[in-house]
Each structure stands twice: as C-alpha cells, then as structure tokens.
Amino acid sequence: MRKLKLQMNLALNNKWDSGMSDFSIDNLKNVDCILHGRKTAEGFIPYWTAIANNPNDAEYKLGRRFADIPNVVFSNSLKVSPWDNTTIIGGDVKEAIETLKKKNGKDILVYGGDSFVSSLIQHDLIDEFYLLVNPAEVGNGQQTFNPLKNDLELKLMNCKPFACGAALLYYTRA
C-alpha cells in the first residue's frame, strides 16, 4: 500500500534556502501524487507552475518536480480543475484517500493548510510526518504568526530532541 506523507512548514516569515529545496526535491523522489486542500492549491499550484515555466528561477528544479507530478485537490466547491495536471475530488476525504493509497504507484505527498491536514490526521490517514520548523520561513506565503514587517534574523544555537517526538530549537538573534 502506498504511504501518505505530510510535508509542512511551520514558521514566522517567508524565508527559504537551498537546503530546504534540496530536502523537498529528495522527499519527492518516490512520490507520484501530491494532495492539497482547495485553499492551499489556489496559492501553491499557480506559484510553482510559474516557477516551473521559468528556467532562470533559482527554484526551477523544485518547481519542475511540482509541475510534473500529478496533483489532487480536495474540494466540495470546485467541480472542474482550473490547473493543468490536476484532478478535483469532492465528498468523503477518508474514503477517497484510502482508495488512492490502495492504487498501485509510488507514495503520496500532502502539502496542506491546517484544516485539511487536521482532517487527514483525524482520520488517521498520514503515515509519515515531515515538519520543517523554522522561525524564519513558511511555505506558500502562509505565516504562523501575524505578518511581520521586517525579516527576523535568527541563528540556530541548538536542537534538542525529546523522547515524546518534540524538538526544542534554540535560537538567538543573529
């Protein structure tokens, strides 16, 4: 059975670096389907499609991967996809994802907003969690905190994992 993997960015503002891009590209190697809730898809798909169409963009390689892998958007309001290489699925999320997981293929990766991801967690559908916790970045223009007026420059001093799975990330101002 295919695995459903969550990759989610948790942060303060819109910073991203090449290490995060490299991780994201690597995390897509065994993926042949990307899931989104409608709200995330409305920003994510057009943003990465534009990057995939610009070979001069620093994130072109990642954008190409996102554009080449088929997308599935869960929505009860959209009936027809406005995007290429994208299928819209409505109705019972649990049933639809269980069906997708049973199909032959590679793993499935979900990039989602908090309400869509919460629904997947509630239905016990996610097999692996990849959480990029960074106080200076968040994907798709969504910020954990109210938008900041200035970039927050921080330096990671220490990372301490706990037995329960949490991690303490200790930062100071750079």
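It should be emphasised that the depicted structure is a prediction, and the values quoted were computed from it without experimental measurement. (Residues numbered from 1 in each chain as written. Predicted model: local features only at pLDDT ≥ 70, side-chain atom pairs only at ≥ 80, totals over all residues. Heavy atoms only, no water.)

(A) Examining the pattern of salt bridges more closely. Counting across every chain of the model gives seven salt bridges. As a salt-bridge pair, Asp68 and Arg64 come within 2.6 Å of each other at their nearest N and O atoms. Within this pair, Asp68 and its partner Arg64 are both found in helix H3 (residues 60–68), separated by four residues, close to a single helical turn. (Salt bridge = Lys/Arg side-chain N within 4 Å of Asp/Glu carboxyl O. Helix = DSSP H or I, 4+ residues; strand = E, 2+ residues; numbered from the N terminus.)

(B) Here's a closer look at the packing of aromatic side chains. As enumerated under the stated definition, the model contains eight aromatic pairs in all. Considering the side-chain rings of Phe44 and Phe66, the 4.9 Å spacing of their centres and the 70° angle between planes classify their relative orientation as edge-to-face. With Phe44 in helix H2 (residues 38–52) and Phe66 in helix H3, this residue pair connects regions lying 22 residues apart in the sequence. Through successive ring pairs, a cluster of aromatic residues spans Phe44, Tyr47, Trp48, Phe66 and Tyr111. (Phe/Tyr/Trp six-rings, centres within 6.5 Å; stacked < 30°, edge-to-face > 60°.)

(C) Region of the structure containing the pairing of strand E4 (residues 86–89). The two faces of E4 differ: Thr86 and Ile88 on one face are buried, but Thr87 and Ile89 on the other face are not. Across four bridges, strand E3 (residues 71–74) lies against E4 in parallel orientation. Across the sheet, residue Asn71 finds its bridge partner in E4, namely Thr86. (Buried < 20%, exposed > 50% of the residue type's maximum accessible area, 1.4 Å probe, protein only. Pairing = 2+ DSSP bridges.)

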